Amino acid sequence: MPRYAQLVMGPAGSGKSTYCATMLEHCQALNRSVQVVNLDPAAEHFNYPVMADIRELIQVDDVMEDDSLRFGPNGGLIFCMEYFANNFDWLEESLGHVEDDYILFDCPGQIELYTHLPVMKQLVEQLQQWEFRVCGVFLVDSQFMVETFKFISGVMAALSAMVTLETSQVNIMTKMDLLSPKAKKEMEKYLDPDMYSMMEDNSVALRSKKFRKLTKAICGLIDDYSMVRFLPFDRTDEEGINIVLQHIDFSIQYGEDLEFKEPRETDGEPSNPNVDEFFQDRDDS
Ligand SMILES: Nc1nc2c(ncn2[C@@H]2O[C@H](COP(=O)(O)OP(=O)(O)OP(=O)(O)O)[C@@H](O)[C@H]2O)c(=O)[nH]1
Ligand SMILES: [Mg+2]
């Protein structure tokens, strides 16, 4: 029997813990059994019951107070995550094995974990060895995405996680309830972005010719391959939460274990079938 995991990632304060609490509540209302694991060794409080908490294994405060280590908060967190990667048997023991496990992992917000450090990739590989189908859920705060260049940098952060982890990924814009109706309307163009026209609209703001060319190339790459799309997440909108959940379920084929879907034919290199299906599906719509 496969097991299912959402790896909830994103920059500090993007709403990961709130997402986990909201999703847990939503699933409970649907009578679905979902559990949450806290993987943030610096977490102080969260609004959900946990099945496992990394702070039982290691805490940032202990690392910072250790005279032989002398880390600050960021270095301390990285140390904790590396320690965690060397002690995955703790996680295995804490998770146990229940039929049809569906687990949300609330990850820390240090962006370097998703760009160049190997820890998260090692976690994905370990979970896959334990028969988990893993979906990365990358959150970005919609408050910071209302301008084109901020949007591009959010896209790059999400893309970086996607490339590093090599797993299917659903990207989400959080805190949509905080946007004014006007900003919400404006946000529509970022949910289904046309990177080329976005670039044209803003090219005047780019004084350096070289920088303009580079930005254009990045926008072209993202657009041509439909690499990154965002789904809106408003914690007060049950229907919207359900749409997000359906996208994630689809990408890990939750509930479809009796019939494993064949990936559709794609040109060129075979890549991750879940990602392909997800994006093809969105392109069709
Ligand atoms: N209005 C609103 N506030 C939100 C939403 N999601 C998160 N917040 C608020 O944003 C702040 C940060 O949310 P968290 O869920 O702790 O964010 P996080 O990504 O877990 O933060 P770190 O673990 O510190 O990286 C909190 O004050 C939340 O109440 C949302 O959808 N709507
Ligand atoms: Mg958190």
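A quick note: this is a predicted structure, and the numbers were derived from the prediction, not measured.

Asker: Talk me through the layout of surface pockets; I want residue IDs and the actual numbers.
Answerer: Rolled over the atoms, a probe with the dimensions of a water molecule shows which regions are left empty. Roughly 400 Å³ of volume is contained in the second largest pocket. Along the walls of the second largest pocket sit 21 residues, with G13, K16, S17, D40 and H45 positioned nearest its centre. With four residues, the top contributor of residues to the lining of the second largest pocket is helix α1 (residues 16-29). Across the lining of the second largest pocket, the residue classes break down as seven nonpolar, nine polar and five charged.

Asker: Can you tell me about the environment of S14, naming the residues and giving the values?
Answerer: Its place among the elements puts S14 in the loop between β1 (3-9) and α1. Taking the relative accessible area as the measure of exposure, S14 reaches 2% and is therefore buried. Through-space distance from the C-alpha of S14 to that of N171 is 12 Å; in sequence the pair is 157 residues apart. When sequence neighbours within four positions are dropped, the list of residues in contact with S14 reads L139, V140, D141, T174 and K175.

Asker: Go over the packing of aromatic side chains with me, naming the residues and quoting the values.
Answerer: Summed over all chains, the structure comprises 12 aromatic pairs. Note on F71 and F79: the rings are 5.5 Å apart at their centroids and 40° apart in plane angle, and the pair reads as tilted. Since its relative accessible area comes to 25%, F79 is described here as partly exposed. Ring-pair connections join several aromatic residues into one group, and the members of that group are Y4, Y102 and Y254. One Lys or Arg, R32, reaches over the ring of Y102 and ends 5.0 Å from the middle of that ring.

Asker: If you had to explain the nonpolar core to someone new, which residues and values would you point to?
Answerer: Ranked by size, the top nonpolar core spans 60 residues in total, and within it L7, L91, F105, L127, M173 and F230 carry the most contacts. Of all the elements, helix α7 (residues 148-165) adds the most residues to this core, at nine residues. Residues lining this core come from more than one domain, with at least three contributed by each of domain 1 (3-192 + 229-252) and domain 2 (195-227).

Asker: So what's going on with the domain arrangement of the chain? Residues and values would help.
Answerer: By convention, interface size is frequently given as the accessible area that disappears when the constituent parts associate. Once the domains are mapped, the chain shows domain 1 (3-192 + 229-252) and domain 2 (195-227). Taken over C-alpha atoms, the centre of domain 1 sits 29 Å from the centre of domain 2. Listed per partner, the contact involves 11 residues of domain 1 and 11 residues of domain 2. Linking domain 1 with domain 2 are zero salt bridges, by the criterion used here. Where domain 1 meets domain 2, there are zero residue pairs in polar contact (both at pLDDT 80 or more). Mapped by element, the contributors of at least two residues to the side of domain 1 that touches domain 2 are α7 and α8 (181-191). A total of eight residues in the side of domain 1 that touches domain 2 trace back to one element, the largest contributor, which is α7. Here the side of domain 1 that touches domain 2 is built from residues that sort into eight nonpolar, one polar and two charged.

Asker: Summarise α1; cite the residues concerned and give the values.
Answerer: Think of an α-helix as 3.6 residues a turn; residues three or four steps apart then line up on the same face. Along its 14 residues, α1 runs 20 Å from first to last C-alpha, staying within 8% of the 20 Å computed at 1.5 Å per residue. Among the residues of α1, K16, Y19, C20, A21, T22, M23, L24, H26 and C27 are the ones counted as buried. Where α1 is buried, its residues touch β1, β2 (35-38), β4 (102-106), β5 (132-141), β6 (168-174) and α11 (238-251). Directly after α1, the chain includes N31, whose backbone phi takes a positive value near 65°.

Analysis parameters
- Residues numbered from 1 in each chain as written.
- Chains lettered and ligands numbered in written order.
- Predicted model: local features only at pLDDT ≥ 70, side-chain atom pairs only at ≥ 80, totals over all residues.
- Heavy atoms only, no water.
- 1 Å grid on protein atoms, 1.4 Å probe; cavity = no way out; pocket = protein on both sides within 12 Å on 5 of 7 lines; lining within 4 Å.
- Points joined across faces, edges and corners; volume = space filled by probe spheres on them.
- Helix = DSSP H or I, 4+ residues; strand = E, 2+ residues; numbered from the N terminus.
- Nonpolar A, V, L, I, M, F, W, Y, C, P; charged D, E, K, R; others polar.
- Buried < 20%, exposed > 50% of the residue type's maximum accessible area, 1.4 Å probe, protein only.
- Contact = heavy atoms within 4.5 Å.
- Phe/Tyr/Trp six-rings, centres within 6.5 Å; stacked < 30°, edge-to-face > 60°.
- Lys NZ or Arg CZ within 6 Å of the ring centre and 35° of its normal.
- Core = buried A, V, L, I, M, F, W, Y, C linked by side-chain atoms within 4.5 Å.
- Domains from an automatic or database assignment.
- Salt bridge = Lys/Arg side-chain N within 4 Å of Asp/Glu carboxyl O.
- Polar contact = N/O pair within 3.5 Å; in protein donor to acceptor, adjacent residues only side chain to side chain.
- Expected span 1.5 Å × (residues − 1).

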